[in-house]
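Listed below are the residues making up each chain.
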Amino acid sequence: MRIAAVMIAAGALLPVCGASAQTTESRMSGLALSSDEPIQIESDLLKINEETSQATFTGNVKVVQGDTVLQAGEMIVNYSKGGGSVASGSADIREIELYKKVLIRSGTQTATADTGNFNMAEEVLVLSGEKVVLTDADNVFIGCKLTVQMKNGQAKLDSCGRRVMIQLDPKSRPKQ
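Residues numbered from 1 in each chain as written. Predicted model: local features only at pLDDT ≥ 70, side-chain atom pairs only at ≥ 80, totals over all residues. Heavy atoms only, no water.

Participant: Lay out the overall build of the chain with the relevant residues and their values.
Facilitator: A count of helical and extended segments in the chain gives zero helices and 14 strands. Counting over 176 residues, the chain shows a buried share of 41%. Of the contacts formed within the chain by residues at least 6 apart in sequence, a portion of 47% connects residues at least 24 apart. Element-wise, carbon and sulfur atoms account for 51% of the exposed surface of the chain, whose accessible area totals about 9400 Å². (Helix = DSSP H or I, 4+ residues; strand = E, 2+ residues; numbered from the N terminus. Buried < 20%, exposed > 50% of the residue type's maximum accessible area, 1.4 Å probe, protein only. Contact = heavy atoms within 4.5 Å. Areas by Shrake-Rupley, 256 points an atom, 1.4 Å probe, with all protein chains shown as cover.)

Below is the structure:
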């Protein structure tokens, strides 16, 4: 798979029924990896280490693919040995690590976190930090760990011992 930004899907996270109010789950059907649009990556520095099959982008990292923007202070791309090269754009990406304030924006949706991890083989995105914030228009979801299964759009927002906070704007609901 090529490097790909993710799109935060349309739809609201809904509280899980049951005793625990500390986790929120939803289907995020619009979340997808895209490999058919060009990707532009900018950073202050790029270091490619073919021995460790790793490319490290540091300083004001910005990835743009379509209408999706990903920003971070540092992005480490881990690719399979013998699986191509990041420099040629043909690398078989295994994992993308994001550090130093992560922001993902697509359309009306934005997610922010301290760190992020894309496991490309498992197609799982995890954003984590002291305060992970997911916004969709005027709706706001706050926790400490957002896990998205990109294969089926299943998303879970954890509280990490605190409580998940949700602010919903009734005016943002689709018209019937």
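Participant: Before we move on, can you summarise the pairing of strand E5 (residues 54-65) with the specific residues and values?
Facilitator: As paired strands, strand E3 (residues 40-42) and E5 are joined by three bridges and run antiparallel to one another. Paired with Ile41 across the two strands is Val63, which belongs to E5. Judged from the ten bridges that link them, E5 and strand E6 (residues 68-79) form a sheet pairing that is antiparallel. Looking at E6, one finds that Thr56 is bridged to Ile76. Hairpin connection of E5 to E6: two residues between the antiparallel strands, including Gly66 at a positive phi of 60°. (Pairing = 2+ DSSP bridges.)

Participant: I'd like a rundown of the pattern of salt bridges, residues and numbers included.
Facilitator: Considering all chains together, one arrives at three salt bridges under this definition. Its salt-bridge partner being Lys101, residue Asp114 comes within 2.9 Å of it at the nearest N-O pair. Residue Asp114 is located in the loop between strand E9 (109-113) and strand E10 (115-119), and its partner Lys101 is located in the loop between strand E7 (93-99) and strand E8 (102-106); the two are separated by 13 residues in the primary sequence. Exposure remark for Asp114: the relative accessible area of 25% places this residue in the partly exposed category. We classify Lys101 as exposed; its relative accessible area is 60%. (Salt bridge = Lys/Arg side-chain N within 4 Å of Asp/Glu carboxyl O.)

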